[in-house]
Structure formats: structure tokens, C-alpha cells
Amino acid sequence: MPEATKMWAPRLAMDQLAPAVAVGLEVADRLRSRKRVTAAVDASVQQTDFPPSASWEPHSLAQGDTGLALMCGYLDSCFPDDGWDVTGHGYLGAAAGGIERMAWPSAGLFEGMSGLAFAAQSLSREGTRYRKLLTTIEGALLPRAVALAQDPALQQFGLAYGQFDLIAGITGIGTYLLSRKEQDGPTGALLAVLRGLVSMTGQEEGIPRWHTPARLMGDESLASRYPYGNLNCGLAHGIPGPLALMALAIEGGVHVPGLRDAVERLACWLVAQRLDSAGDADWPTMVPLTADWEYGRPDTSRTAWCYGNPGVARSLWLAGRALNEPTWRESAIDAMGAVYRRPTEERGIGSPTFCHGVAGLLQITLRFAHETGLPLFARSAAGLIEQLLALYEPDSLLGYRDVEPSGGRVDRPGLLTGSPGVALALLAAGTGVEPTWDRVFLLS
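Below you will find a few notes about this structure. (Residues numbered from 1 in each chain as written. Predicted model: local features only at pLDDT ≥ 70, side-chain atom pairs only at ≥ 80, totals over all residues. Heavy atoms only, no water.)

**Points about the overall build of the chain**
Along its length, the chain carries 17 helices and eight strands. What you see for the chain is a C-alpha radius of gyration of 20 Å, in line with the 22 Å of a compact globule of 444 residues. Based on the C-alpha atoms only, the size of the chain along its principal axes is roughly 55 × 50 × 45 Å. Counting every position in the chain, which comprises 444 residues, the buried fraction comes to 60%. Partitioning the intrachain contacts of the chain with sequence separation of at least 6 by distance along the chain shows that 69% fall at a separation of at least 24. A gap of 4 Å separates the mean positions of the 36 positive and 47 negative side-chain charges of the chain. (Helix = DSSP H or I, 4+ residues; strand = E, 2+ residues; numbered from the N terminus. Rg over C-alpha atoms; globule rule 2.2 N^0.38 Å. Buried < 20%, exposed > 50% of the residue type's maximum accessible area, 1.4 Å probe, protein only. Contact = heavy atoms within 4.5 Å. Lys, Arg positive; Asp, Glu negative; His and termini not counted. Charge placed at Lys NZ, Arg CZ, Asp CG, Glu CD.)

Following this line, the structure appears as C-alpha cells:
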């Protein structure tokens, strides 16, 4: 395998580099305008087939001011003389005000205190700013994190996704805490989170404790589809998230009894769930359980960050790196190769956005390109950039629109499913500043 690049560097030829940075900056510049962001929120309510998804909450990392503050943190790192710290300060203030008005804010990453703290840290210019804000947030967050990690409900046989996942659960909280592992308070809470996750990875009669019964799915259509429960294979809501976090913790020198065994257990389970689609590796969205407590036949998935090969591959790569297991790393590369061999129109990611679109696949590809040095990833990144540039809509409010399953196009200013995630991925591809923001997606 070629040697990885130690320093972050652009992965594009000159004829792509300038357009990628220019479009990324243009989209980010549009998001500087509160008036334009508000107009996009209002438009999205009318455009979407899923009205709840258009809700804008200041405290939200997924769909709120917190996500825009995080974006500004990276822009400030790339262009420190362009006032992005001031723009980010405005969005961070709105986010903090939003969470302060909540009677009982979530501790989670994408809709709660962990996300706000991550955004503040990203804007802190190496910890020189927002110390009081971080102290205040962590004063409320850390005891909540420990309580959630030690909650007896986390140790039961069968869990809701939101108890353990990246988006709302203790994996997301642990993702923020890991970024603060040099501080005593966050480290103590991180150890509690990791102990909770290790305990969760056990099995009873061959069935993982972290499986989700229908009654805990919180979605009638899912419960109807999986009446006996399922095991979630998505990085956003499933077991690849805890696997990635635990692997990164090991690499960061964090020690918890049973942590390495838990990583091995989960990685082996994920490898065993590989499907073969047209002779290529493919990972399912979920593995169904049957009435006899056996595994049913899973469906194939899209090829996105949230569900499918890319997210699974990244978690396996991190696990293989942490435990020095080459077969898991090879499985990860094979899984990504299968994605690139699939025709673009068959990848199931028609949207340019991060969660279930091209930007998320691009960011994962950039991480693999940086860490492996393989031409496969550099070529694929170039192809994804070309695809994103072709999807650019300069006459739209924000330059990019989310594409829903019906084909409808929606103006979204949120990080997870809107234009900020696209801008961040384009700038990560075209600048020499490491995109540390992608830790919130458990990619680094």
C-alpha cells in the first residue's frame, strides 16, 4: 500500500481545485446572510414532502445555528482574515440562546449540548476563546453523560437506537468528549460512556444486546417492517458508530477494561453481515430478526455516510487501524471499491448533501485518500467533485438543494441535509487545512 500523506493536502488536479474552492466559498458566503438562511427555511417548509424535517432549531447541529457555527469554525481555519470568526460568533450566540431557553435540553450531539460544545470548540482558535461558554456547557453536560452511560436501561436486552447511536445517543456524546480527552472532567465522563458501550456489546443466546425490538423503534413503518426487531448497520444510527468511537478512543490512548475485546466483537459481527451484490461487497441497512430469534434476510442499502458501505467501511478501517488488523482494513477498501464500481445512478445518493448524498461519500473518500495513498481514492474523489460541481445550482437560494426520494428539490440551510455540508466537503477537498469538523460524523 502506498504511504499515507502525513499533512492534509488538496486531492485535486489544478483544473478542479479552483472551481471546488470557489463554489464552496460561494455557498458558505450565502450562508453568512441570516436573511437568506431564513428564506431557505421558509422555502423548505413549502418544498418538502416531510414537513417536520424543515424545522429550524437554533440549538441543533443537524438543522440549526449550531451547524452553521461549526461550518464557520472551519472557514475561519482556512481563511483566518476573512471574518468567519465574527460570523460564527453570531450563529454560536443564537445557538447558545436557543439551548438556554430549553427547560431540559438534550445532551446529544446533533440536537443538544454536545453539538453546541463541539461548535464552540471549533471556533475557539485552539482553545483561546469561548472558555467560559465551554465551562458552562460542560457543567451541565458531564453529569448527564455519566448518568446516561450508567442508566440501567442501557444494559437491558434490546435498546432504542437513540440510546446508543451517534445522532442522539451516548456515542454522539462520547464523540465530543473524546475531542476533550486532555481535560480531567470530560475524560472521566468519556470513560463512563466507553464502559457503558463495552457492556452493551455483549450477547445473550447469540443475539447482541444492542438489537432494537419493534416496540422501541419509535416509527410505525419500521416496527411493521421488522416486527421481531432488527440490528442497525448504519453509521448514523447503528453499531458502526460505537465501533468507530471505541476504535478512535483506543488510538487516542484511552483505556477501559474490555474495550479492545468490544471492538473486535463488533468488527467481526459487521464483517459477517457482508452481502454480495453482483459479486461486490454490500452492507445492509438493517439485519432483521425472526420469530425464532435468528437473523432474517436483509435488504441492500444506499451508498451513503448514514447507511451503506461508506459508513461501515470507515468504521472497519478505524477498527483495523486501532487493533492493527489488516483484514478489516482490506474489507474497508474492498467495500469502498464496490461503491465506486457501482454506476452513479445506482448508488442511491442523488442528493448533493452530506447525510445521504454525494458530499458525505466525498468526505469519506478524502479520508481514505489521505490515509492510504491509493490512486483508487484520488481518482474517485475527482469524480465525486465533478459530480458535485455539476449539481451546483447558482440560481437557487443556497447553491445546493437536497433531493428527496420523490425527486423534489428542497432549500435546506442545515449541516446534515443541506448546503453547509456540501461547502465543507468541497473546501476539505481543495484546501490544505485538515477538516477536523468531520469528527462529528465519526470520520476522524
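**Observations concerning helix 1 (residues 14–30)**
Between the first and last C-alpha of helix 1 there are 25 Å, a value that for 17 residues agrees with the 24 Å anticipated at 1.5 Å per step. On its buried face, helix 1 is in contact with helix 2 (34–47), helix 3 (65–78), helix 4 (84–100), helix 16 (375–391) and helix 17 (419–430). (Expected span 1.5 Å × (residues − 1).)

**Thoughts on the side chain of S380**
As for its position among the elements, S380 is in helix 16. Since its relative accessible area comes to 12%, S380 is described here as buried. Each residue touching S380, except ones within four places of it in the same chain, is listed here: Y340 and T365.

**Considering the pattern of salt bridges**
For the structure shown, the criterion picks out 24 salt bridges. The partner of D334 in a salt bridge is R274, with the nearest N and O atoms 2.8 Å apart. One end of the pair, D334, is in helix 14 (residues 326–341); the other, R274, is in the loop between helix 12 (259–272) and strand 4 (275–277), with 60 residues separating them in the sequence. With relative accessibility at 29%, the residue D334 sits in the partly exposed group. Its relative accessible area of 33% is what places R274 among the partly exposed residues. With its nearest N and O atoms 2.7 Å apart, the salt bridge here joins R314 to E371. In this pair, R314 is assigned in helix 13 (residues 309–323) and E371 in helix 15 (residues 358–372), connecting sequence segments 57 residues apart. Of the two residues, R314 and E371, both sit in the buried class. (Salt bridge = Lys/Arg side-chain N within 4 Å of Asp/Glu carboxyl O.)

**Notes on unusual backbone geometry**
The backbone of R125 sits at a positive phi, close to 50 degrees, despite the residue not being glycine. Relative to the assigned elements, R125 resides in the loop between helix 5 (113–122) and helix 6 (131–150). Accessibility expressed as a relative area gives 31% for R125, which makes it partly exposed. For L442, which is not glycine, the phi torsion reads 55 degrees and is therefore positive.

**Notes on helix 5**
Most of helix 5 is tucked away, with eight of its 10 residues classed as buried. Against the buried residues of helix 5 lie helix 3, helix 4, helix 6 and helix 8 (170–178).

**Quick word on the environment of Q46**
Structurally, Q46 can be placed in helix 2. With 365 residues separating them in the primary sequence, Q46 and D411 have C-alpha atoms 9.8 Å apart.

**Some thoughts on the packing of helix 11 (residues 240–251) against helix 12**
The contact between helix 11 and helix 12 brings their axes to 10 Å, and the two run at 140 degrees. Comparing the axis directions of helix 11 and helix 12 gives the class oblique. Taken as a pair, helix 11 and helix 12 cross one another with a handedness that is left-handed. Taken together, the residues of helix 12 that come into contact with helix 11 (itself represented by P240, L243, M246, A247, A249 and I250) are L259, R260, A262, V263, L266, A267 and L270. (Axes fitted to C-alpha atoms, helices over the stretch in contact; angles between N-to-C directions. Parallel < 35°, antiparallel > 145°, perpendicular 65-115°, else oblique. Left-handed = near helix turned anticlockwise from the far one by under 90°.)

**Focus: the packing of aromatic side chains**
Evaluated as defined, the whole model comprises 15 aromatic pairs. Look at F164 and W210: their rings are 6.4 Å apart centre to centre, the planes differ by 65 degrees, and that puts the pair in the edge-to-face class. Placement of F164 in helix 7 (residues 161–164) and of W210 in the loop between strand 2 (207–208) and helix 10 (220–225) is noted, with a sequence separation of 46 residues between them. The exposure class of F164 is buried, given its relative accessible area of 0%. Overall, the relative accessible area of 1% leaves W210 in the buried class. Measuring from ring centre to ring centre gives 6.3 Å for W269 and Y295, while their planes differ by 85 degrees; the resulting arrangement is edge-to-face. (Phe/Tyr/Trp six-rings, centres within 6.5 Å; stacked < 30°, edge-to-face > 60°.)

**A closer look at the nonpolar core**
By size, the foremost hydrophobic cluster in this structure holds 151 residues, and its most contacted members are F110, L177, L194, W210, M246, W305 and F441. Among residues more than four places away in sequence, those in contact with L177 are L142, A145, P186, A189, L190 and V193. (Core = buried A, V, L, I, M, F, W, Y, C linked by side-chain atoms within 4.5 Å.)

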